[in-house]
Amino acid sequence: MKLTLNLIAAVLLAAPAAAQMKTLNGAGATFPYPIYSKWFDEYHKVKPDLQINYQSIGSGGGIRQVTERTVDFGASDGPMTTQQQFKVDGKILHVPTVLGAVVPAYNLKDVTDLKLSGAVLADIFLGKITRWTDPAIAKLNEGVKLPDAVITVVHRSDGSGTSYCFTDYLSKVSAEWKKKVGTNTAVNWPIGLGGKGNEGVAGLVKQTPNAIGYVELIYAKQNDISYATMQNKAGKFVKASIESVTAAAAGVKMPADFKVSITDATGEKAYPISTFTWLLIYEKNNEGKGAVLKDFLKWMLKDGQAMTAPLGYAPLPDSVNGMVTKAIEVIK
Amino acid sequence: MSSAVAPAVSRGPAKVPGSRERAGDRLFRLIISGFAGIILLAAFALAWQLTRESLSTWKTFGLGFLFTSTWDPVADQFGALPFLYGTAVSSLLALLIAVPLGVGAAVFLTELAPKRLAEVLMFAIELLAAVPSVILGLMGIFILVPVMRSLGAPYGVGMLTAGLILAFMVLPYITTITREVLLTVPRPLKEAMYALGATRWEVVRGVSLPFARSGIIGAVFLSLGRALGETMAVTMVIGNAPKISANLLEPGYSMAAVIANELAEAASDAHLSALVAIGLVLMGVTLVVNGAARLMIYRLGKRS
């Protein structure tokens, strides 16, 4: 009997000890999920009493949960609009974490290096350029034998940060795109087929001869998909890579709130369809969570950045890293 | 009254366990009524929640939401017609293909096939019913889509491809249920027909199928319900373009697919509300279909 009581007491006493284990819950963007889960995993090894859970439910869901305060932090591939931020009780800090890029994936027999400009890409996705032999494409690809065939356009059917980045770029390089379609995670596509997820788009492009779509750079690299070289704002042709994406971020003037689009960036080496991805952090946090978050962010900016490249993400340029390190000091 | 007649000796002991049992019965009835109530409550809560969350869409667009075809999340302009059209057309296509096939297969299994073969085939068909829809969708992408393209469809994905996948999906339902009903056709009825010199075809047409009619209709509506709500497999092969085209080889879109695709990233309230509104419509359509099925089976039952 006494033994049982002792056991019960032991369990009861152990419970508060277990509660000391801190958990943080976050939700949001799917695009940075691989690097985020790596970070949270590695950080758990550094700080065994802290467990960070992250649900990759999509940027829209992340913003919604942050607004309703059902999570400790959010994540998004597109910055929150002023209207969205207005709805949140308290201030939200956008903390850029890594960079990604979107590439136009194509399926053309015997064409190893397709060159495209922003204007041409926009016209293809607007349905104005319908054949691969169009003079506008031929002019960019002198000496390349393009098939005399109709272009099949493939886009994402699910809402995604990838689409946001892609349509943001097209809106910058084409006034008509901006007016007719605009920028969003999901848009009213003028033409084309919808594939679900990167794998859905890549699958359709791979299977359909003479198709063009767009996927994340990491996805294209991992799956050996041919993707086009883009002409950037400086007029140079740049292939997407970790270096050219970081160059795009370095060429942009960073505002204090970090809400910046780096598509169509200036700079000779900049790849034009690049984007930051952000963690959405409350400036004022409850129960001492602010200090824990701040520690994690500091670690992420120092040790975490080195883990990005093997997973295909571009690390923050040094200038931005320095700015962010200073900015996160306000978190309480 | 009976207690007055019953001998006094047996009254006591008989009453005690009896009344205790009645109390137990009451408790049991309460509990299971509670279970049934939960189901009802869940259905109402679902309808209530969907209505509440989609209220702003109905306020903004009214019933026009069901009859316009612009779906533009950037401009917050929403119309559900292409999705309604896609869901209806792909599901009807599926039934058009699967009903004759399924009923035919069931007739073969009950009337013609040797018993051993029928058993093996039934096992295979039941296995087919257990295949998850995402697997069927993958099969669609890797097998059906290239086949469709090689047959001359411009993209391979599209309304007809979705209809075919759905047909494949509901085929086991129609076959299994129809077979079950055909097995209940009384032997004497059939034997009487044979005795009159009827051929096998005449027996099937004159006795078996009319007898099994309500069961077959039930199977068809059950399948329709499944086809209307199918999400994953359809999303993977329908092409996901919110356009209305009479050409079945062109891409389309369905209600369930657009919800699955866009809900996670719907950041604006209007977009979210429009997606929930589509959910409400889909629920309504499913209810109407099921109601119609009940009514039809009830009427047929009364007539015969």
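Residues numbered from 1 in each chain as written. Chains lettered and ligands numbered in written order. Predicted model: local features only at pLDDT ≥ 70, side-chain atom pairs only at ≥ 80, totals over all residues.

Student: Explanation requested: the interface of chain B and chain A in the structure shown.
Tutor: By a widely used convention, the size of an interface equals the accessible area lost when the partners come together. Tallying the contact residues gives 23 residues for chain B and 27 residues for chain A. Every element with two or more residues in the side of chain B that touches chain A is listed here: strand 1 (71-72), helix 6 (133-150), helix 10 (232-237) and helix 11 (255-262) of chain B. Counting residues per element, the side of chain B that touches chain A draws most heavily on helix 6 of chain B, which supplies three residues. Of the residues belonging to the side of chain B that touches chain A, the class tally is 14 nonpolar, six polar and three charged. (Contact = placed C-beta atoms within 7 Å. Helix = DSSP H or I, 4+ residues; strand = E, 2+ residues; numbered from the N terminus. Nonpolar A, V, L, I, M, F, W, Y, C, P; charged D, E, K, R; others polar.)

Student: Mind showing me how you'd approach the sheet that holds strand 4 (residues 92-107) of chain A here?
Tutor: All names here are of chain A. Ordered in space as 2-1-3-11-4-8-6-7, the eight strands form an open sheet in which the pairing is mixed. The open sheet has two edge strands with one neighbour each: strand 2 (50-55) and strand 7 (193-195). Neighbour-to-neighbour, the strand axes of this sheet turn through a mean angle of 25 degrees, independent of strand direction. (Pairing = 2+ DSSP bridges. Axes fitted to C-alpha atoms, helices over the stretch in contact; angles between N-to-C directions.)

Student: Explain the confidence of the model for chain B to me, please; I cannot follow it from the model alone.
Tutor: Low-pLDDT stretches of the model should not have their predicted coordinates read in fine detail. Residue and element names in this part refer to chain B. Per-residue confidence for chain B gives a mean pLDDT of 88, with 92% of residues at or over 70. Per-element averaging of pLDDT across chain B places helix 1 (residues 2-5) at the bottom with 43 and helix 4 (residues 81-112) at the top with 95. Note that pLDDT drops below 50 for residues 1-13; the model gives that stretch two contacts with residues more than four away or on any other chain. With a pTM of 0.83, the predicted complex shows an ipTM of 0.78. (pLDDT = per-residue confidence, 0-100.)

Student: How should unusual backbone geometry be read in this particular structure?
Tutor: One can expect most non-glycine residues to show negative phi and most peptide bonds to be in trans. We note that D264(A) has phi near 55 degrees; this positive angle belongs to a residue other than glycine. The topology assignment puts D264(A) in the loop between helix 11 (242-250) and strand 11 (274-282). Look at D264(A) and you get buried, because 20 C-beta atoms sit within 10 Å. A positive phi angle, near 55 degrees, is found at D76(B), a position not held by glycine. Counting through the fold element by element, D76(B) comes out in the loop between strand 1 and strand 2 (77-78). In this structure D76(B) comes out as partly exposed when scored by C-beta crowding, with 14 C-beta atoms within 10 Å. (Buried ≥ 20, exposed ≤ 12 C-beta atoms within 10 Å, placed from the backbone.)

Student: Hey, could you run me through the nonpolar core in this one?
Tutor: Soluble globular proteins tend to pack their nonpolar side chains together in the buried interior. Of all hydrophobic cores here, the largest spans 164 residues; its most connected members are V103(A), I165(B), V170(B), I174(B) and V237(B). The residues contacting I174(B), other than those within four sequence positions of it, are A98(B), V99(B), G102(B), V103(B), A219(B), V220(B) and S223(B). (Core = buried A, V, L, I, M, F, W, Y, C linked by C-beta atoms within 7 Å.)

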